[in-house]
Amino acid sequence: MKWGVVTFPGSNDDRDACYCLETVLGQQAISLWHKDRDLKGVDAVVLPGGFSYGDYLRCGAIARFSPVMQSVVEFAEAGGPVIGMCNGFQILCEAGLLPGALVRNRSLSFICEWVRIRVETPRTAFTASCRQGEILRIPIKHGEGFYVADEATLKMLEDNGQVVFRYVNEVGEATEAANPNGALHNIAGVTNARGNVVGLMPHPEHAVESLLGGEDGRRLFCRV
Amino acid sequence: MLAKVYITPKKAILDPQGKAIANSLHALNYAEVSDVRMGKYLEVRLSGLSRMQAGQRVEEMCRRLLANLVIEDFYFEIVEE
């Protein structure tokens, strides 16, 4: 599998994503620069975490109009698998590839910690190796991870099974205490109607080796 | 010509920054403060357009980039400089 990992000015998890895919999972990963219009024949695209364009205006607002994103939108609309982690999720929302938006954490603090997320559906391009209801331990690190959408959109996401991950406690319950940032319905990740585009605030690429605290993140990249 | 663009969080969106500011004002004994919403103010300088054209262009800029209509409302005024 040939992956394309996009680097925007201000991306900082692009190298981690490449390391995860190549060194840990033995797949091919190539770098795509934000000015590239050519996706170089990749089979899947990763929008990594970081602070693209300094998070100016709104997180992901400027990146969304970069040349590479025009191609990523076309790729996604043709059914190509695209995953956005953290800032990548914010970019996907700004680009209109995923519904909703991410706003400042309820606590106003930047949060860096391990959380538990429950897999709500295996029917996406990136969760096929997971069981519904399975709990993954993955870290988060963000200041703007509070997922919001209007009531109609939330209902649509719930009814169509487009909520992919929810923050839960150790026994798998989506409680208020288990919600790190205030996200509506404890939403940690969503997908589009087709299931080929997935965005999530947690960082699966940081959870791929037991030495670094856990391997659950591998599950998102091992059967795409 | 100058467009003064105001972007505010939608009423339905929780605004934790505004809430923190309101709490701080209460701590300073401004008990009359019932709510604070925090947004953004932008000055966009334009040239070579009529006032009406400028209004249309700025409206489009707000919808496409300056505001995210999922979470924000906007309004603007065009002033001669």
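Residues numbered from 1 in each chain as written. Chains lettered and ligands numbered in written order. Predicted model: local features only at pLDDT ≥ 70, side-chain atom pairs only at ≥ 80, totals over all residues.

### Comments concerning the overall build of chain B
For chain B, the helix and strand inventory stands at two helices and three strands. Element order for chain B, N to C, with α for helix and β for strand: β-α-β-α-β. Here the C-alpha atoms of chain B give a radius of gyration of 16 Å, more than 25% beyond the 12 Å that 2.2 N^0.38 yields for 81 residues. Along the first, second and third principal axes, the C-alpha set of chain B runs to 50 × 30 × 15 Å. Of the contacts formed within chain B by residues at least 6 apart in sequence, a portion of 67% connects residues at least 24 apart. (Helix = DSSP H or I, 4+ residues; strand = E, 2+ residues; numbered from the N terminus. Rg over C-alpha atoms; globule rule 2.2 N^0.38 Å. Contact = placed C-beta atoms within 7 Å.)

### Description of the sheet that holds strand β1 (residues 2–9) of chain B
Residue and element names in this part refer to chain B. Strand order in the open sheet made by the three strands is β2-β1-β3, with antiparallel pairing throughout. Unpaired on one side and paired on the other, β2 (40–45) and β3 (72–79) mark the two borders of the sheet. The average undirected angle you get between the axes of adjacent strands in this sheet is 20°. Across six bridges, β1 lies against β2 in antiparallel orientation. The residue bridging A3 from the neighbouring strand is V44, located in β2. (Pairing = 2+ DSSP bridges. Axes fitted to C-alpha atoms, helices over the stretch in contact; angles between N-to-C directions.)

### Quick look at the confidence of the model for chain B
Residues and elements named next belong to chain B. On average, residues of chain B score 95 in pLDDT, and 100% of them are at 70 or above. Element-level mean pLDDT values for chain B span from 94 in helix α1 (residues 16–27) up to 98 in β2. Of the two predicted TM-score estimates for the complex, the pTM is 0.95 and the ipTM is 0.88. (pLDDT = per-residue confidence, 0-100.)

### Focus on the sheet that holds strand β1 (residues 2–7) of chain A
Residues and elements named next belong to chain A. On the basis of which strands lie adjacent, the open sheet formed by nine strands has the order β2-β1-β3-β4-β11-β10-β9-β6-β7 and mixed pairing. A strand with exactly one partner marks an edge of an open sheet, and here the two such strands are β2 (28–33) and β7 (135–142). Ignoring strand direction, the axes of neighbouring strands in this sheet form an average angle of 25°. Of the pairings in the sheet, the one linking strand β9 (residues 163–168) to strand β10 (residues 187–191) comprises three bridges and is antiparallel in character. Note that in β10 the partner of V163 across the bridge is V190.

### Concerning the interface of chain B and chain A
Of the residues lining the interface, 10 residues belong to chain B; the matching set on chain A comes to 13 residues. By residue number, the principal contributor to the side of chain B that touches chain A is α1 of chain B, which donates three residues. Looking at the side of chain B that touches chain A residue by residue, the class counts come to eight nonpolar, two polar and no charged. (Nonpolar A, V, L, I, M, F, W, Y, C, P; charged D, E, K, R; others polar.)

### A look at the nonpolar core
Counting residues in hydrophobic clusters, the biggest one holds 71 residues, and the most contacted among them are V45 and L92 of chain A. Once residues within four sequence positions are removed from consideration, V45 of chain A is found in contact with G4, V6, L39, V72, F75, G80 and V82 of chain A. With nine residues, the next largest nonpolar core counts V5, I7, V58 and F74 of chain B among its residues. (Core = buried A, V, L, I, M, F, W, Y, C linked by C-beta atoms within 7 Å. Buried ≥ 20, exposed ≤ 12 C-beta atoms within 10 Å, placed from the backbone.)

### Some remarks on helix α3 (residues 87–94) of chain A
Turn by turn, an α-helix covers 3.6 residues, leaving residues three or four places apart pointing in a common direction. Residues and elements named next belong to chain A. Where burial is concerned, most of α3 is hidden: eight out of the eight residues are buried. Buried within α3 are the following residues: N87, G88, F89, Q90, I91, L92, C93 and E94. In this fold, the buried residues of α3 make contact with β3 (44–47), β4 (82–85), β5 (101–103) and β11 (197–200). One or two steps after α3, the chain reaches G96, where phi turns positive at roughly 80°.

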